[in-house]
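What follows is the residue order along each chain.
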Amino acid sequence: LVEALPSSMYLLSKLKHLDLSSNQLVALDSSIGFLTDLTWLSVAKNQIIDIPEDVKLLQSLRFLDVHVNQLSTMLAGDLSLPMRSELVNLPEVESASHEHLSGLAIITCLRDLEISYNKLRFLPDLRVLRFLKRVNLSHNILEALPEELCEVQTLVKLEAGDNRLRSLPASVSKLTALSVLSLKNNSLESIPNEICRCFSLKYLSLNSNKLSEIPRKITSLSHLSRLTVAANNISCLPNDMDQMNSLTHLEVSHNPLTALPPSLGALYEHLKVLLVQDCFELRDPPPNIITAGHEQVVNYLRKVWRGLCTMRLVLTGLSMGNLVCLPHFDLASLVEIRIDKNEIKHIPDIVYNFKQLVSLRFRENFVSMVPAEASKLIQLQELDMSKNKFRSMPQAVLQMTQLVRLRCGENPIP
């Protein structure tokens, strides 16, 4: 393992690729500034505590990797300001030309900056890096992202997870080319609505923060394919999730959600992953559906969504145990409910408030009684209550004067 570099290395003026990773370096010599043809530099997995200012002179550098070191600061100050080189006059390089210092070139060509797993509290001003595309700031101790970072409008990928971030600047809206944004494992309590102007976003990770909600207009991000908000304090999701036509992966586990929006059902053809584990307050979909897995959850939501679109709710053969989705429906519009084969023991009272209901079918369940309130279904023309647990004909059924079809066979009625 290398602990220090020989001074003669800096005579390799045509060097383009330099990998010094996984050694025991504690510092880089300022003579690094002589390697002006360098395009790729990695000093990852060392013990470096500071990056010399002369790195700014590497005007050809495209890739810089310093992850897993001991950096607490990095290239402090404005990268665009002239600065004096502190290059040492080593005997081996006395005759070396310093013409490359004329004009004080800077590392404006940098595309990739990897500085994760350090001890950074602050970032340098990166605005001068007008070609920067990817930055990994994860696993540091940053408490805020500087406004200046949002001026780097070429950014395509920004990873800032596992820090101490408390907020995200509203100027994030300027990052219109941003495709990947990871902010997981921070202390964010809110996300600014301006994030919805990052129209190129495809991947957004907000897992393990302190969010109580996500921006309602996040559904306008038409290219977003992966959204992860697990392990937060989110109690509801936007109702218009059907607008997210590119969404293929959604994680909402470990949140106090009480219901999933039926609009997710509109995404059934391309939503390949829906993770809702350990949402202990979730009642809709019913627990039996949740434990059955992703496909059953999406199928349930698809059927509820179709019911909302047609005002005909068909949820047959799902073994869901409870009918809990009815609060989503307009009391004045629903005309049909079919819930055969669902292991239901009780028809929710809200059913009897759907005054326009024409057909009610709950065949092959465990229902044993229909309350007097059922007589309010004055438009009901079809009732199928066969294969249940009725021991007598409910009185309310006898008051449904508009009934045309009544099926009550295979009950234990004497």
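Positions within a chain are numbered from 1, following the residues in the order the chain's sequence is written. Residues qualify for local features only when their pLDDT is at least 70, as the model is predicted, and side-chain atom pairs are given and counted only at 80 or more; totals for whole chains, interfaces and linings, by contrast, use all residues. Heavy atoms from the whole structure form the basis of all side-chain values; hydrogens and water molecules are not counted.

Helix and strand definitions follow DSSP, with helices as H or I runs of at least four residues and strands as E runs of at least two, each counted in order from the N terminus. Across its full length, the protein carries 2 helices and 16 strands. Relative to a compact globule of 414 residues, whose C-alpha radius of gyration would be 22 Å, the protein shows 32 Å and is clearly more extended. With the C-alpha coordinates of the protein rotated into their principal frame, the extents come out at 110 × 40 × 30 Å. Throughout this description, buried means an accessible area under 20% of the type-specific maximum (1.4 Å probe, protein chains only), exposed means over 50%, and partly exposed covers the range between. Buried positions account for 49% of the 414 residues belonging to the protein. When contacts within the protein are restricted to residue pairs at least 6 apart in sequence, those whose partners lie at least 24 apart make up 34%. Note on areas: Shrake-Rupley, 1.4 Å probe, and residue coverage restricted to the protein chains presented here. Accessible surface for the protein amounts to roughly 19300 Å². Of this, 49% is attributable to carbon and sulfur atoms. Residues counted as positive are Lys and Arg, residues counted as negative are Asp and Glu, and His and the chain ends are not counted. In plain terms, the charge of a residue is placed at NZ if it is Lys, CZ if Arg, CG if Asp and CD if Glu. For the protein, the distance from the average site of its 42 positive side-chain charges to the average site of its 43 negative ones is 10 Å. Throughout, the radius of gyration refers to the C-alpha atoms, and the reference size of a globule is 2.2 Å times the residue count to the power 0.38. Only heavy atoms matter for contacts: two residues are in contact if any of them lie within 4.5 Å across the pair.

A separate point is the state of the cysteines. Defined simply, a disulfide is a covalent bond joining two cysteines at their sulfur atoms. Pairs of cysteine sulfur atoms within 2.5 Å are what we label disulfides. If you walk through the whole model with that rule in mind, you get 0 disulfides. Unpaired in this structure, Cys198 has its nearest cysteine sulfur neighbour in Cys150, at a distance of 8.2 Å. Free cysteine: Cys325, not disulfide-bonded; nearest cysteine sulfur from Cys309 at 13 Å. Residue class for Cys325 comes out buried when judged on its relative accessible area of 1%.

So, on to the packing of aromatic side chains. In summary, the pairing rule links any two rings of Phe, Tyr or Trp, Trp by its six-membered ring, whose centres are within 6.5 Å, and it sorts them by plane angle into stacked for under 30 degrees, edge-to-face for over 60 and tilted for everything else. Evaluation of the coordinates by the stated rule reveals 2 aromatic pairs. Seen from their ring centres, Phe362 and Phe390 are 6.4 Å apart, and the 55° between their planes marks the pair as tilted. Here Phe390 lies in the loop between strand 15 (382-384) and strand 16 (405-407) and Phe362 lies in the loop between strand 14 (359-361) and strand 15, a separation of 28 residues in the sequence. On the basis of relative accessibility, which here comes to 0%, the residue Phe390 falls in the buried class. The rule is short: NZ of Lys or CZ of Arg within 6 Å of the ring centre and within 35 degrees of the ring normal puts a charge over the ring. We note Arg302 situated over the ring of Tyr268; from NZ or CZ to the ring centre the distance is 5.2 Å.

The next subject is the side chain of Ser179. By the element assignment, Ser179 lies in the loop between strand 6 (157-159) and strand 7 (180-182). Discounting chain neighbours no more than four positions away, the residues touching Ser179 are Val156, Ser200, Leu201, Lys202 and Tyr203.

Our next topic: the sheet that holds strand 13 (residues 336-338). DSSP-based pairing: two strands are paired if at least 2 bridges between them are found. Across the sheet, 5 strands lie side by side as 12-13-14-15-16; this open sheet has parallel pairing. Taken across any chain shown, the strands that pair with only one partner, and hence form the sheet edges, are strand 12 (312-314) and strand 16. Direction aside, neighbouring strands of the sheet carry axes that sit 5° apart on average. Between N-to-C directions, angles cover 0 to 180 degrees, with each direction set by a line fitted to C-alpha atoms, over the stretch in contact for helices.

Here a cavity is any set of points on a 1 Å grid over the protein atoms alone where a 1.4 Å probe fits but cannot get out, and a pocket is any open set with protein on both sides within 12 Å along at least 5 of 7 lines; a residue lines the site when it has an atom within 4 Å of a point. Grid points are joined across faces, edges and corners, and a volume is the space filled by probe spheres set on the points. One pass over the full model with this rule turns up 3 cavities of 30 Å³ or more. Approximately 50 Å³ is the volume attributed to the largest cavity. As for the largest cavity, its lining consists of Ile347, Tyr352, Leu360, Phe362, Val370, Ala374, Leu377, Leu380, Leu383, Met385 and Met400. Class assignment for the residues of the lining of the largest cavity results in 11 nonpolar, no polar and no charged. Lys, Arg, Asp and Glu make up the charged group, whereas Ala, Val, Leu, Ile, Met, Phe, Trp, Tyr, Cys and Pro make up the nonpolar group; the residues left over, Gly among them, are polar.

Attention shifts here to helix 2 (residues 294-310). Between the first and last residue of a helix there are one fewer steps than residues, each counted as 1.5 Å, and that sum is the expected span. Between its terminal C-alpha atoms helix 2 stretches 24 Å, which fits the 24 Å expected from 17 residues at 1.5 Å a residue. Those residues of helix 2 not exposed but buried are Val297, Val298, Asn299, Tyr300, Leu301, Arg302, Lys303, Val304 and Gly307. Residue Met311 follows helix 2 closely and has a positive phi angle near 65°.

As a further point, take the nonpolar core. Judged by nonpolar contacts, the single largest core of 116 residues is most densely connected at Leu137, Ile195, Leu260, Leu315, Leu323 and Phe362. Excluding anything up to four places from it in sequence, Leu260 contacts Leu237, Val252, Leu274, Val276, Leu282, Asp284, Pro285, Val297, Leu301 and His328. Each nonpolar core is a collection of buried residues, namely Ala, Val, Leu, Ile, Met, Phe, Trp, Tyr and Cys, held together in the definition by side-chain atoms within 4.5 Å.

Looking now at the confidence of the model for the protein. The score called pLDDT rates the predictor's confidence residue by residue, from a low of 0 to a high of 100. Scored by pLDDT, the protein has a mean of 90; 92% of the residues are at 70 or more. Counted against residues more than four places away or in other chains, residues 80-105, with its pLDDT under 50, gives 37 contacts.

Quick look at the sheet that holds strand 3 (residues 63-65) now. Strands sit in the order 1-2-3-4-5-6-7-8-9-10-11 across an open sheet of 11 strands; the sheet is parallel. Pairing within the sheet leaves two strands with one partner each, and these edge strands are strand 1 (17-19) and strand 11 (273-275). Here the average twist between neighbouring strands, direction ignored, is 5°. Judged from the 3 bridges that link them, strand 9 (residues 226-228) and strand 10 (residues 249-251) form a sheet pairing that is parallel. Looking at strand 10, one finds that Leu227 is bridged to Leu250.

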